[in-house]
Amino acid sequence: PLWAYKTNDLIYGAPAESFDAAGNTSQLYVPSADGSLYALNPSGSLLWSYDSGDPIRSSPAVGKAAAGENRDVVYFGSANGKLYAINADDGSRRWSFDTTLYDDPILKDRNDLNSSPALGLTGVYIGSESGTLWYVPYDWCLKASDSRCETAPGTDFPASETASYYVT
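Source: prediction; values computed, not measured.

**Some remarks on the overall build of the protein**
At step 1: A count of helices and strands for the protein gives one helix and twelve strands.
At step 2: Ordered by position from the N terminus, the helices and strands of the protein form the series β-β-β-β-β-β-β-β-β-β-β-α-β.
At step 3: Taken over the C-alpha trace, the protein has a radius of gyration of 16 Å; the compact-globule value for 168 residues is 15 Å, and the two agree within 12%.
At step 4: Projected onto its principal axes, the C-alpha positions of the protein cover 50 × 35 × 30 Å.
At step 5: Of all 168 residues assigned to the protein, the portion counted as buried reaches 42%.
At step 6: Taking the contacts inside the protein whose residues are at least 6 apart along the sequence as the reference set, 41% of them involve residues at least 24 apart.
At step 7: Looking at the protein as shown, the accessible area adds up to about 9200 Å², and 53% of this sits on carbon and sulfur atoms.
At step 8: Computed over 11 positive and 21 negative side-chain charges, the inter-centroid distance for the protein is 2 Å.

**A few points about the packing of aromatic side chains**
At step 1: Counted according to the given criterion, the structure contains eight aromatic pairs.
At step 2: Pairing phenylalanine 97 with tryptophan 134 gives two aromatic rings, centres 5.8 Å apart and planes at 65°, and the pair type is edge-to-face. Remark: tryptophan 134 occurs in strand E11 (residues 133–137) and phenylalanine 97 occurs in strand E8 (residues 93–98); sequence separation between them is 37 residues.
At step 3: According to the relative accessible area criterion, tryptophan 134 is buried, its value standing at 13%.
At step 4: In textbook terms, an aromatic cluster arises when at least three aromatic residues are bridged by ring pairs, as seen for Tyr50, Phe76 and Tyr84.

Rules behind the numbers
Residues numbered from 1 in each chain as written. Predicted model: local features only at pLDDT ≥ 70, side-chain atom pairs only at ≥ 80, totals over all residues. Heavy atoms only, no water. Helix = DSSP H or I, 4+ residues; strand = E, 2+ residues; numbered from the N terminus. Rg over C-alpha atoms; globule rule 2.2 N^0.38 Å. Buried < 20%, exposed > 50% of the residue type's maximum accessible area, 1.4 Å probe, protein only. Contact = heavy atoms within 4.5 Å. Areas by Shrake-Rupley, 256 points an atom, 1.4 Å probe, with all protein chains shown as cover. Lys, Arg positive; Asp, Glu negative; His and termini not counted. Charge placed at Lys NZ, Arg CZ, Asp CG, Glu CD. Phe/Tyr/Trp six-rings, centres within 6.5 Å; stacked < 30°, edge-to-face > 60°.

See the structure below:
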């Protein structure tokens, strides 16, 4: 091996990569069951990480941002039922979309997005543990007023907190 990087839990998904203008790998994106997406440079050093708070088993997908923006966006699903769009250059949340069906007592607990997102011409497709295939237009959350959307650049959890989060 040329190098190794250790996450805090298992790695189920395959890494994705970004390329520079010359076609060389500029960043690697590694999902981990510890809930974080790690961005590494080609020599294996950490550039940034984003914590979704729940295991990430999907392989990330990398696409270009909207016209006029010169940046890549990394998409992945998390076990919290959210599809994330993360700015690849700095690891900040561009948006996240919550697919959890809270009004259904059975499906609200079967919301893991373990499948890998597929990038289409106009949006992102991702499958859920509930058996639902979701389609979210690119930058839907930046344009629409939708309670399932979050656009704050930080993670879903504060940097410091004392609390109990109940899970099933």
